[in-house]
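A closer look at the structure
Residue strings, one per chain:
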Amino acid sequence: MPTKLKAELVKNLDESVTAICQLSTLSDVANYFEIPEGQLLYILYKLSDDKKYRFFEIKKKSGGYRSIKAPLGGTAILLKKLKPTLYKLYRTKSCVHGFVAKKSIVSNADEHKLKKYVLNIDLEDFYGSINFGRIRGLFMSKPFNMAPNAATIMAQLCTHDNSLPQGSPVSPILSNYIASDLDKKLTLLAKKYGLRYTRYADDITFSTNKKDFPRSLSYYEGDNPITGNVVLGKLLEDQISASGFVINHGKVRLQIPGIRQEVTGLTVNEFPNVKRSFVRKIRAMIHAWKKFGLIEAEKVYISNYAKSPPNIEPDKLDGRYYKSVLYGRLALLKMVRGDDDEVYMKLCLKVAEEDPDAPKKIQDLKQMYKKYDIFISHASEDKNDVALPIFEACEKIGINAFLDVKYIKWGDSLTEKINHALGRSKLVLAILSESSVDKTWPSKEINSALARELAGKQKILPLIVGEPDLSSVSLLEDKLHIPWANNADEIAKRIKELVYE
C-alpha cells in the first residue's frame, strides 16, 4: 500500500533547482520528489482519472463554460512540490505580467494607459494548445536539460488528456515557459513598429501613440472604426501561429481614442481603473446584505447573478459564499485603486457595519476612521490606577473613549494608531503626574493636542495626579484643571457634559 506523501520537499529550494536539472531516469525523478519509485508509478499510471483530478465547469464572463481540472491526492502533492522550482528557474520577461511576482492585471494595464491605439488579442484554448509533446520538449531544453526518460515522466505528471489542465498549480508557470518564443517574436515586432507589447496569460496587448496603427499588424475593414470589423495583419497572425498558438478572432479589438479602452478588464484611458459597473455591483451587494440580511441576500445572488454558483442546498447556506464574492471584489478594487482610495475605504466601512467578522484589515480601517469623544493621554505607570478606571467609566455612560491598551494590538504601529486616534478625538484628557510630565510619549501627545487646540479643532482637559512639576508643560499651567481623587465616575460625567455641550 502506498505510504503517505509529505506535502513538501525536505531539500531546500536551491537543492531542488540543482536536482531538477540533473534528472535522467525514473529513479532520479522519484528521488527528486522524495518518494519510492513504485509510488510514483502508482500515481502516474495506476490511479484512475477521478482519483487524480476533480472535474467541474465555471461560467465565463463572455459566455459559455470553462472546464477546470483540479488535482487531487498524490497528483496534487507532487505538483505542489514541483511548483516552487519551476518558478525559481523562470526568467521573467518585462512584457510578461501574468503569474509572476510583483506583477498583475494592474501592472499590465498600466503599460498601455494614455495611448492613442490599443489592440487586444485573445489566444484560443490557451492551456489546451500546450500539449504533452511541448511540455516534454520544454523539460529536455534549457534551463532543465532533462534526459528524455525523465522529461517524459515529468510531462506525464504535468499534463492530462494531452494538454495542460486548467486548475493545476503548475500550468500557469509552464504556460509562460512555452510562450517565451511567442513573447520574443512579438517583442521584436513591437520594437520594429514602435509599439508597446505585453501579455497576461492568453491576453495579448499592443499599444501606441503614433498617428496611425500599423496596417501590417491590424486595421479596420473599410477604414471605418465605427462600422468596420477589425482585421489582423498576416505578419502578426503568422508570428502567433508559428509559436504554436491560435487567435480567437471573436475577441480581437482595436480600440481608438474617444472610446473606453480596456486592457485585462481595466480601463486605461487615463489610468488603470475598474468599470463603474464593478463598483455599483459592490454597493448593491452591501445594500442587499443590509436590507435583507446575509442569508437572504446570498440566496438571491446565487439564484440571479452567480457565474459559478456553489452546489449547496438553499437551507444550508450560511453566507460564506456571498462574503467570499464580496470580499474578492473589494480585494480587486484595492489592488487597482490602492488601499487609500476614497471609494474603496467608504465601501469597506459600509461592509464593516454589517459584518462583525470582517477581515482584519477592514476592521482596522473601521477602527482608524472611528471618531472618539475623548483621547486619554497618560504614562504607563498611571494606566491601571487612573486611565483604565476613567475609560471604563466613560464606556458605561456611552462616551466613546480611546485608550491605547484597548485598541492597539501586538504588531500595530504605535505612531500610526495614536496619531489617527488623536486626530479623530473631540477632547483630550491629559493625565499629568510625576510619571507623565517628563515622558516622551505623553509629551508628544500633549504637544500635538495643543497644536489642534490652537487651530480650534480640539480641547485639552488637564487631570492632576499627585503633585507633579508642571514647568515642562507650561502651556497647561494656566488651564483650569481638576485633581484625581479616585473619582472616575465623576470625571466621566463631566466629560459627557463637555461632549454634548
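Above this text you will find the structure in question.
Residues numbered from 1 in each chain as written. Predicted model: local features only at pLDDT ≥ 70, side-chain atom pairs only at ≥ 80, totals over all residues. Heavy atoms only, no water.

1. Thoughts on the overall build of the chain
- When its secondary structure is counted, the chain shows 21 helices and 15 strands.
- Its C-alpha atoms give the chain a radius of gyration of 31 Å, more than 25% over the compact-globule value 23 Å for 501 residues.
- Overall, the chain is about 85 × 70 × 50 Å in size when its C-alpha atoms are taken along their principal axes.
- The buried share of the chain, reckoned over its 501 residues, is 46%.
- Total accessible area on the chain stands at roughly 26,400 Å², and carbon and sulfur atoms take up 51% of it. (Helix = DSSP H or I, 4+ residues; strand = E, 2+ residues; numbered from the N terminus. Rg over C-alpha atoms; globule rule 2.2 N^0.38 Å. Buried < 20%, exposed > 50% of the residue type's maximum accessible area, 1.4 Å probe, protein only. Areas by Shrake-Rupley, 256 points an atom, 1.4 Å probe, with all protein chains shown as cover.)

2. What to know about the pairing of strand E5 (residues 203-208)
- Among the six residues of E5, five are classified as buried, and the element is accordingly described as predominantly covered.
- Of the pairings in the sheet, the one linking strand E3 (residues 117-123) to E5 comprises six bridges and is antiparallel in character. Across the sheet, residue Ile 121 finds its bridge partner in E5, namely Ile 204.
- Connecting strand E4 (residues 196-200) to the next strand, E5, in antiparallel fashion are two residues, including Ala 201 with a positive phi near 55°. (Pairing = 2+ DSSP bridges.)

3. What to know about the sheet that holds E4
- Reading across from one edge, E4-E5-E3-E8 is the order of the four strands in this open sheet, with antiparallel pairing throughout. With partners counted over all chains shown, the strands left at the sheet margins are E4 and strand E8 (247-255), one partner each. The mean inter-strand angle of the sheet, taken between neighbouring strand axes irrespective of direction, is 15°.
- Pairing of E4 with E5 involves five bridges; the strand directions are antiparallel. Looking across to E5, one finds that Tyr 197 is bridged to Phe 206.
- On the sheet, helix H10 (residues 180-193) packs against E3, E4 and E5 and is oriented at approximately 155° with respect to E4. (Axes fitted to C-alpha atoms, helices over the stretch in contact; angles between N-to-C directions. Contact = heavy atoms within 4.5 Å.)

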